[in-house]
Amino acid sequence: MDKRQAIGSWLSGPRAALEDVGADFGYRGEQLGLPERGPGSIARPGRRLGALALDWGLCLMIAYSLITDGYGQTTGNWALLIFFVMSVLTVGTIGVTPGKRIFGVRVVALATGTVHPGRALLRTVLLCLAVPALIWDRDGRGLHDRIARTVEVRI
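Let me begin by describing the structure that accompanies this report. (Residues numbered from 1 in each chain as written. Predicted model: local features only at pLDDT ≥ 70, side-chain atom pairs only at ≥ 80, totals over all residues. Heavy atoms only, no water.)

1. Overview of the pattern of salt bridges
Two side chains carrying opposite charge are able to pair once their charged atoms lie near each other. Within this structure, the stated rule accounts for 7 salt bridges. Note that lysine 100 and glutamate 152 form a salt bridge whose closest N and O atoms lie 3.3 Å from each other. A residue pair is termed long-range when its members are at least 10 positions apart, and lysine 100 in helix H5 (residues 98–103) and glutamate 152 in strand E2 (residues 150–154) qualify at 52 residues. You'll find lysine 100 and glutamate 152 in the same group, each marked buried. Sharing partners across several salt bridges, the network here consists of Lys100, Arg123, Asp145 and Glu152. (Salt bridge = Lys/Arg side-chain N within 4 Å of Asp/Glu carboxyl O. Helix = DSSP H or I, 4+ residues; strand = E, 2+ residues; numbered from the N terminus. Buried < 20%, exposed > 50% of the residue type's maximum accessible area, 1.4 Å probe, protein only.)

In structure tokens:
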């Protein structure tokens, strides 16, 4: 192995280095039995982050205009509470929030395909803590999804 190849493998990360020596990781969602592309496949991070940003912006607008009448720490706290209630109610009943619907993402349980309100509550509590959502597995699922046994898929 020459120096360029060694540096290139370091810059590409451990997954690329392992793939170069023959390890097969498959596509995201293969271990979960999901298709590689199209409806029912794992939603990409861009879609999920866009949906989260849209939902958070909606909650901030509601808190700003209806509750606090100004922007400050209390607006952020109220927005978090609104986000929590909205997420538990909408994901627990229909599987999507307004932002997820616009971005074409749906939350489903791995076993049944529908999200039980208890799972939605657990998932939302962990999502609001933020740290579990920042830890992802090889399929791109956050720790909050793994614990709640859910996955975000494309519609």
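So, next bit.
2. Side note on the layout of surface pockets
There is about 360 Å³ of room inside the largest pocket. Counting only elements with at least two residues in the lining of the largest pocket, the list comes to helix H3 (45–68), helix H4 (73–93), helix H6 (117–129), helix H7 (131–134) and helix H8 (143–148). Looking at the lining of the largest pocket, the element that brings in the most residues is H3, giving 4 residues. Along the lines of polarity and charge, the residues of the lining of the largest pocket split into 11 nonpolar, 2 polar and 5 charged. (1 Å grid on protein atoms, 1.4 Å probe; cavity = no way out; pocket = protein on both sides within 12 Å on 5 of 7 lines; lining within 4 Å. Points joined across faces, edges and corners; volume = space filled by probe spheres on them. Nonpolar A, V, L, I, M, F, W, Y, C, P; charged D, E, K, R; others polar.)

3. What to know about the environment of threonine 93
Of note, threonine 93 is situated in helix H4. Considering only alpha carbons, one finds threonine 93 and valine 115, 22 residues apart in sequence, at a separation of 7.3 Å. At 2.6 Å, the side chain of threonine 93 forms a polar contact with the backbone oxygen of leucine 89. (Polar contact = N/O pair within 3.5 Å; in protein donor to acceptor, adjacent residues only side chain to side chain.)

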